Amino acid sequence: MEFKFGGSETNQKTVLGHPSGLFVLFFTEMWERFSYYGMRALLVLFLISAISGGGWGWERADATLLYGWYTGLVYITPIIGGYIADKFTGYRNAIVIGALLMTLGHASMALEGFTSSFFYLGLFLLIIGNGMFKPNISSIVGQLYKSQGKEKDAGYTIFYMGINAGAFLGILLCGYIGESPDWGWHYGFGLAGIFMFFGMLQFYYAQKIFGRIGLSPKGTQEFDDAVENSIEEIGEDIEDVVDEAKESKVTKDRLVVIGVFAFFTIFFWWAFEQAGSSMTIFASDYTDRTLEGTGAMTFKIVNTILTVVPMLIITYVLTMLFKQTFGKYSLSNILLATSFVIIWVIVIYMLNKQFNDPAPEVPASWYGILNSFFIIAFAPLFSKIWESKYNPSGPIKFAIGLILLGLGFGILAYGSMGIPLGAKTASVSMIFLILAYLLHTLGELCVSPVGLSYVSKLAPLKLVGMMFGIWFVANFIANLTAGWTASYLDPIVEEYGMSNFFLIFTAIPIAAGVIMFVLNKTLIKKMHGVK
């Protein structure tokens, strides 16, 4: 009997028309993103918080620099982790190893009160663990489907929803617990680790659902021989592509287009990644987050809807997965159910506390959930546009994304006009941050999925992996530069004002977007028919 999907017989049982194994990956990735974004939302806030408040009392410049290095290195290690899994461990072992390292990383950060060494060890483990985890779970998703058609694309879309659901809940709950005076930073870091641990266990005990997908590579080569042979293969592939590029104008032109896209994506993520640094500081110290009366009740209702509706949807998906897999993988299901019981308890606790508070203060980390919410809300609309006759070219999408990003910072610049030079605090309306996140997210939907898609379409088959590596390097440069630029927040605010600081991120992305508009026809020509 021939199976429709890859993997075991149990994997042929479907949830929402997709193999059950996709949802094992969905929840594993969801908890990993919960832990990553939950910790990331707290990182700068914890570092700049006063020692009396449990933080480290760092200068903003030092905190944003560390943030830049952390988020930058997170994009480098997947290149190494993907290589190790391809050649030695297999995808499944790499995912378990990565999840375990990240669990230990969060646990280490939760213990930073004993010695600062635990904090730095935790960051190191998170960076290495992410490198082993991130590229390899996506690889398994692709192998669940035997066809390359719309069914596979839809599978990746569902998987992407898991990413955003995890990011949403992680920022919301870890941020709330970490910033709450009743709990504290240690509990926020620790909470992120708890769900990473549950994600690892539920994957480990259900992994046989994937059959032979993601197992260790066959062969009995010694490690040194395997490395040597792999390097030789890469070298030969590069030589072949270089020879092809010399002979083929098409290959050469398409590689140039990838280079242009990678270069311009640096400008996008350089500005976008202010979300975790300067925009978080703006939310914490310059935004009026205390609500009263009608405003307080509006926030309570909106926050409840934002929290409960995604939780109900995800819980419904969870019950459907149980129906298909509980008989075969009961332990994995029980662990997953336990994690959801805990998350529901925390959600109810948070909402109850907020409703009983007559003047609740919106956590500074809360604004980070808007990105995930807007992605979930607007991704279907953008998908419809890309499938319609109004679908613009790749360069035009990039240009629109960069300009939308710049306009978002323009709104922040406008909202900051009343902040005096050198001010350390202010009370700007939260509407400016909300609108900025909306425009930034719309820009992301034009750039992020489009860029990755064009790399896969334009790169020579032998060098697809390496071209994605170059894409990751561009993201590393962008994130590191973002942290470095944010470190100049205080000097710029003191001499030129907060408004002018945000105008930097307004002018440069918009200028880059205009250049992309100008390059549109040239790049289309160099793509030689790739759309």
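Model, not experiment: these values are computed from the prediction.

Definitions and cut-offs
Residues numbered from 1 in each chain as written. Predicted model: local features only at pLDDT ≥ 70, side-chain atom pairs only at ≥ 80, totals over all residues. Heavy atoms only, no water. Helix = DSSP H or I, 4+ residues; strand = E, 2+ residues; numbered from the N terminus. Rg over C-alpha atoms; globule rule 2.2 N^0.38 Å. Areas by Shrake-Rupley, 256 points an atom, 1.4 Å probe, with all protein chains shown as cover. Lys, Arg positive; Asp, Glu negative; His and termini not counted. Charge placed at Lys NZ, Arg CZ, Asp CG, Glu CD. Phe/Tyr/Trp six-rings, centres within 6.5 Å; stacked < 30°, edge-to-face > 60°. Buried < 20%, exposed > 50% of the residue type's maximum accessible area, 1.4 Å probe, protein only. Expected span 1.5 Å × (residues − 1). Bend = angle between axes of the 7 residues up to and from the residue. Salt bridge = Lys/Arg side-chain N within 4 Å of Asp/Glu carboxyl O. Axes fitted to C-alpha atoms, helices over the stretch in contact; angles between N-to-C directions. Parallel < 35°, antiparallel > 145°, perpendicular 65-115°, else oblique. Left-handed = near helix turned anticlockwise from the far one by under 90°. Contact = heavy atoms within 4.5 Å. Nonpolar A, V, L, I, M, F, W, Y, C, P; charged D, E, K, R; others polar. Patch = residues over 30% accessible without salt bridge, like charges linked within 9 Å, V, L, I, M, F, W, Y side chains within 5 Å. 1 Å grid on protein atoms, 1.4 Å probe; cavity = no way out; pocket = protein on both sides within 12 Å on 5 of 7 lines; lining within 4 Å. Points joined across faces, edges and corners; volume = space filled by probe spheres on them. Core = buried A, V, L, I, M, F, W, Y, C linked by side-chain atoms within 4.5 Å. pLDDT = per-residue confidence, 0-100.

### A word on the overall build of the protein
Logical step 1: Per the secondary structure count, the protein includes 17 helices and 2 strands.
Logical step 2: Relative to the globule expectation of 24 Å for 531 residues, the C-alpha radius of gyration of the protein, 23 Å, shows essentially globular dimensions.
Logical step 3: Dimensions of the protein, computed from C-alpha atoms along their principal axes, come out at roughly 65 × 60 × 50 Å.
Logical step 4: When the accessible surface of the protein is totalled, it reaches about 22,800 Å², and 65% of it is carbon and sulfur.
Logical step 5: Each charge class in the protein can be summarised by its mean position, and for the 33 positive and 37 negative side chains these summaries are 12 Å apart.

### A look at the packing of aromatic side chains
Logical step 1: Going through the model one piece at a time under the given rule, you end up with 47 aromatic pairs.
Logical step 2: Look at Tyr204 and Tyr205: their rings are 5.1 Å apart centre to centre, the planes differ by 85 degrees, and that puts the pair in the edge-to-face class.
Logical step 3: Overall, the relative accessible area of 43% leaves Tyr204 in the partly exposed class.
Logical step 4: Take Tyr205: its relative accessible area is 39%, and that puts it in the partly exposed class.
Logical step 5: Pairwise contacts between aromatic rings join Phe23, Phe26, Phe27, Trp31, Phe34, Phe195, Phe198 and Phe340 into one cluster.

### Some thoughts on unusual backbone geometry
Logical step 1: Notably, Leu16 is not glycine yet its phi reads approximately 55 degrees, a positive angle.
Logical step 2: With respect to the secondary-structure elements, Leu16 resides in the loop between strand 1 (14-15) and strand 2 (18-19).
Logical step 3: Located in the positive-phi region is His528, a residue other than glycine, with phi close to 50 degrees.
Logical step 4: In this fold, His528 is placed in the segment after helix 17 (498-527).
Logical step 5: A residue is classified by how much of its surface remains accessible, and His528, at 31% relative accessible area, is partly exposed.

### Comments concerning helix 17
Logical step 1: If you check helix 17, its first and last C-alpha atoms are 41 Å apart, about what 30 residues at 1.5 Å a residue would give, namely 44 Å.
Logical step 2: The sharpest bend along helix 17 comes to roughly 55 degrees, located at Leu519.
Logical step 3: Immediately downstream of helix 17, the backbone of His528 shows phi near 50 degrees, a positive value.

### Points about the pattern of salt bridges
Logical step 1: Within the structure shown, the criterion is met by 11 salt bridges.
Logical step 2: For Asp285, the salt bridge goes to Arg60, with nearest N and O atoms at 2.9 Å. Of this pair, Asp285 sits in helix 9 (residues 278-285) while Arg60 sits in helix 2 (residues 60-89), placing them 225 residues apart in sequence.
Logical step 3: The class for Arg60 is buried, based on a relative accessible area of 9%.
Logical step 4: Its salt-bridge partner being Asp490, residue Arg60 comes within 2.8 Å of it at the nearest N-O pair. Separated by 430 residues along the polypeptide, Arg60 in helix 2 and Asp490 in helix 16 (residues 489-495) bring together distant segments of the chain. There is no split in this pair, since Arg60 and Asp490 are both buried.

### With respect to the packing of helix 9 against helix 14 (residues 431-458)
Logical step 1: Helix 14 packs onto helix 9 with a crossing angle of 160 degrees between their chain directions and a minimal axis gap of 12 Å. In terms of orientation, helix 9 lies roughly antiparallel with respect to helix 14. Handedness of the helix 9/helix 14 crossing: left-handed. Here Met279, Phe282 and Ala283 of helix 9 come into contact with helix 14, specifically with Leu433, Tyr437 and His440.
Logical step 2: Split into classes, the residues belonging to the contact of helix 9 with helix 14 amount to 5 nonpolar, 1 polar and no charged.

### Concerning a nonpolar patch on the surface
Logical step 1: On the surface, a cluster of nonpolar side chains totalling about 530 Å² of accessible area is made up of Met297, Ile301, Ile305, Val309, Ile313 and Phe355.
Logical step 2: Counting residues per element, the nonpolar patch draws most heavily on helix 10 (residues 293-325), which supplies 5 residues.
Logical step 3: Within the secondary structure, Ile301 is located in helix 10.

### So, empty space enclosed by the protein
Logical step 1: If you walk through the whole model with that rule in mind, you get 2 cavities of 30 Å³ or more.
Logical step 2: Size it by volume and the largest cavity reaches roughly 40 Å³.
Logical step 3: Around the largest cavity, the lining residues are Arg60, Tyr286, Gly422, Ala423, Lys424, Asp490, Val493 and Glu494.
Logical step 4: Sort the elements by how many residues they give to the lining of the largest cavity and helix 16 lands first, with 3 residues.
Logical step 5: As a volume, the second largest cavity reaches approximately 30 Å³.

### Section: the side chain of Asn479
Logical step 1: Here Asn479 lies in helix 15 (residues 464-486).
Logical step 2: The exposure class of Asn479 is buried, given its relative accessible area of 2%.
Logical step 3: If we ignore the near neighbours within four places in the chain, the residues touching Asn479 are Gly68, Thr71, Gly72, Tyr75 and Glu273.

### Focus on the nonpolar core
Logical step 1: Grouped together as the largest cluster of nonpolar side chains are 155 residues, with contacts concentrated most on Phe27 and Phe340.
Logical step 2: Here this core gets 19 residues from one element, more than from any other, and that element is helix 1 (residues 20-48).
Logical step 3: Not counting chain neighbours up to four residues away, the residues in contact with Phe340 comprise Phe27, Met30, Trp31, Met311, Ile314, Thr315 and Leu318.
Logical step 4: Phe382, Leu404, Leu442 and Cys446 belong to the second-largest nonpolar core, a separate cluster that totals 7 residues.

### Considerations on the layout of surface pockets
Logical step 1: Taken as a whole, the second largest pocket encloses approximately 590 Å³ of empty space.
Logical step 2: Residue lining of the second largest pocket: 24 residues in total, with Glu179, Ser180, Pro181, Glu361 and Pro363 positioned closest to the centre.
Logical step 3: Going through the elements one at a time, helix 1, helix 5 (150-179), helix 9 and helix 11 (330-355) are the ones with two or more residues in the lining of the second largest pocket.
Logical step 4: It is helix 5 that contributes the most residues to the lining of the second largest pocket, 3 residues altogether.
Logical step 5: Of the residues belonging to the lining of the second largest pocket, the class tally is 10 nonpolar, 7 polar and 7 charged.

### As for the confidence of the model for the protein
Logical step 1: Confidence along the protein averages 88 in pLDDT terms, with 92% of residues attaining 70 or more.
Logical step 2: Every residue in residues 219-224 is under pLDDT 50, and counting partners more than four places away or in other chains gives 3 contacts.

### Considering the packing of helix 10 against helix 11
Packed helix pairs are characterised by how far apart their axes lie and by the angle those axes make with each other.
Logical step 1: At a closest axis distance of 11 Å, the pairing of helix 10 and helix 11 adopts a crossing angle of 170 degrees. In terms of their interaxial angle, helix 10 and helix 11 are classed as roughly antiparallel.

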